[in-house]
Amino acid sequence: MSDAKRLAAEKAIDHVEDGMIVGVGTGSTVAYFIDALGKIRDRIAGAVSSSEQSTAKLKALGIEVLELNSTGTLSLYVDGADECDGNKNLIKGGGAALTREKIIAEASRKFVCIIDPSKRVKVLGKFPLPVEVIPMARSLVAREILARTGGQPVWRDGVTTDNGNVVLDVHNLSIVDPPALERELNQIPGVVSVGLFARRKADVVIVGGEPPQVF
Ligand code: 5RP
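Residues numbered from 1 in each chain as written. Predicted model: local features only at pLDDT ≥ 70, side-chain atom pairs only at ≥ 80, totals over all residues. Heavy atoms only, no water.

## Re the domain arrangement of the protein
What counts, and what does not: Each domain span listed reflects an automatic or database assignment of domains. Summed over both partners, the accessible area lost on bringing two parts together, with a 1.4 Å probe, is the buried area. Salt bridges are identified by distance alone: a Lys or Arg side-chain nitrogen within 4 Å of an Asp or Glu carboxyl oxygen. The term polar contact refers here to a pair of N or O atoms within 3.5 Å; inside protein, the definition further demands a hydrogen-donor-capable atom paired with an acceptor-capable atom, and it admits residues adjacent in sequence only when both atoms are side-chain atoms. Numbering of helices and strands runs from the N terminus, with a helix taken as a DSSP run of H or I at least four residues long and a strand as a DSSP run of E at least two residues long. Residues are grouped as follows: Ala, Val, Leu, Ile, Met, Phe, Trp, Tyr, Cys and Pro are nonpolar; Asp, Glu, Lys and Arg are charged; all remaining types, including Gly, are polar.
The domain boundaries assigned to the protein delineate domain 1 (2–120 + 199–214) and domain 2 (129–195). If you average the C-alpha positions of domain 1 and of domain 2, the two centres end up 24 Å apart. Summed over both sides, the interface of domain 1 with domain 2 buries roughly 1200 Å², with 49% coming from carbon and sulfur. For domain 1, the biggest contributors to the area lost against domain 2 are Leu98, Thr99 and Lys102; these three give 38% of the whole. Connecting domain 1 to domain 2 are 1 salt bridge. Between Glu182 and Lys102 there is a salt bridge whose closest N-O contact spans 2.7 Å. Taken together, the links from domain 1 to domain 2 amount to 11 residue pairs in polar contact (both at pLDDT 80 or more). Considering every element that reaches the side of domain 1 that touches domain 2, the biggest residue donor is helix 5 (residues 98–106), with 4 residues. Its residues assigned to classes, the side of domain 1 that touches domain 2 shows 4 nonpolar, 6 polar and 6 charged.

## Brief notes about the site of the ligand
The condition that has to hold: The cutoff for a nearby residue is simple: one of its non-hydrogen atoms must lie within 4 Å of the molecule or strand. Accessible surface area values rest on a Shrake-Rupley calculation with a 1.4 Å probe, where residue burial reflects the displayed protein chains alone.
The immediate surroundings of the ligand are formed by 17 residues, with Ser28, Thr29, Asp82, Lys92 and Lys119 found nearest. Thr29 is positioned such that a nitrogen or oxygen atom in its side chain is 2.6 Å from an oxygen atom of the ligand. Contact with the protein chains hides 91% of the accessible area of the ligand, taken as 380 Å² for the molecule alone. When the residues that make up the shell around the ligand are grouped by side-chain class, the tally is 3 nonpolar, 8 polar and 6 charged.

## Digging into the pattern of salt bridges
Test applied: Residue exposure (1.4 Å probe, protein chains only): buried if accessible area is under 20% of the type maximum, exposed if over 50%, otherwise partly exposed.
One pass over the full model with this rule turns up 16 salt bridges. The partner of Glu106 in a salt bridge is Arg199, and the shortest N-O contact between them spans 2.6 Å. Of this pair, Glu106 sits in helix 5 while Arg199 sits in the loop between strand 11 (196–197) and strand 12 (204–207); the two residues are 93 residues apart in sequence, bridging distant segments of the chain. A relative accessible area of 61% places Arg199 in the exposed class. The partner of Glu144 in a salt bridge is Arg148, with the nearest N and O atoms 2.8 Å apart. Here Arg148 and Glu144 lie together in helix 6 (residues 138–149), a separation of 4 residues that amounts to about one turn. Salt bridges here are not isolated pairs; linked through shared partners, they connect Asp3, Arg6 and Glu10.

## Some points on the nonpolar core
Our working definition: Put simply, a nonpolar core is a bunch of buried Ala, Val, Leu, Ile, Met, Phe, Trp, Tyr and Cys residues held in one set by side-chain atoms that sit within 4.5 Å of each other. The contact definition used throughout considers only heavy atoms, calling two residues in contact when any of these lie within 4.5 Å.
Counting residues in hydrophobic clusters, the biggest one holds 24 residues, and the most contacted among them are Val16, Val22, Val24, Phe33, Leu37, Val112 and Ile114. Going through the elements one at a time, helix 1 (2–12), strand 1 (21–24), helix 2 (28–39), strand 3 (74–79), strand 6 (108–115) and strand 12 are the ones with two or more residues in this core. If one sorts the elements of this core by residue count, helix 2 sits on top with 5 residues. Sequence-distant contacts of Val16, defined by excluding residues within four places in its chain, comprise Val22, Phe33, Leu37, Ile40, Arg43, Ile44 and Leu76. In terms of nonpolar packing, the next biggest core, distinct from the first, is built from 20 residues, Leu124, Val133, Leu185 and Leu196 among them.

Dropping the structure here:
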């Protein structure tokens, strides 16, 4: 699978233009993208990073990491996903970086999602849906999610996000209407963000392979 991830990541470089500040996601597929970005670092103006993990890798390769507050709207955001349906709706957050990822996706004109073929699904939900939650609201949010969706929330024990919060992974969902579920879960007090990227979904999806498939 690592070859497929690398091939998707390398194809995404086609979207990088000279002088760009590039939004960068998190995960093993994005790690290949950062490697590729490192090779053209003199052509770009810098990056906005979605996690401490990606920031460390970007800096190690000599790429300047900038604050989103000072860059304004970005032209391009590149990130992976845990699941992707045919409408480019995504489940993300397997790496617990969903909130910053969602912020940068929202701030970007183009979101290019890079995945290996195992991430493609007809209906989202086999991958447990990550939800970032304020720690004191963990039990409340879990009860609400169960009542509203029937899904089984499981606390990702031992994980604290870069924002100091916890993650619930919601099992046994079949997400037939991703925007509606995203709206519903966003209304629960204590939810910081939901790992459903449907309101702001991907614009371009690159599925790694020889050759990569783009849709
Ligand atoms: C991190 C994410 C990642 O994009 C997602 O988990 C996919 O990771 P990988 O590329 O390692 O398969 O959403 O929060």
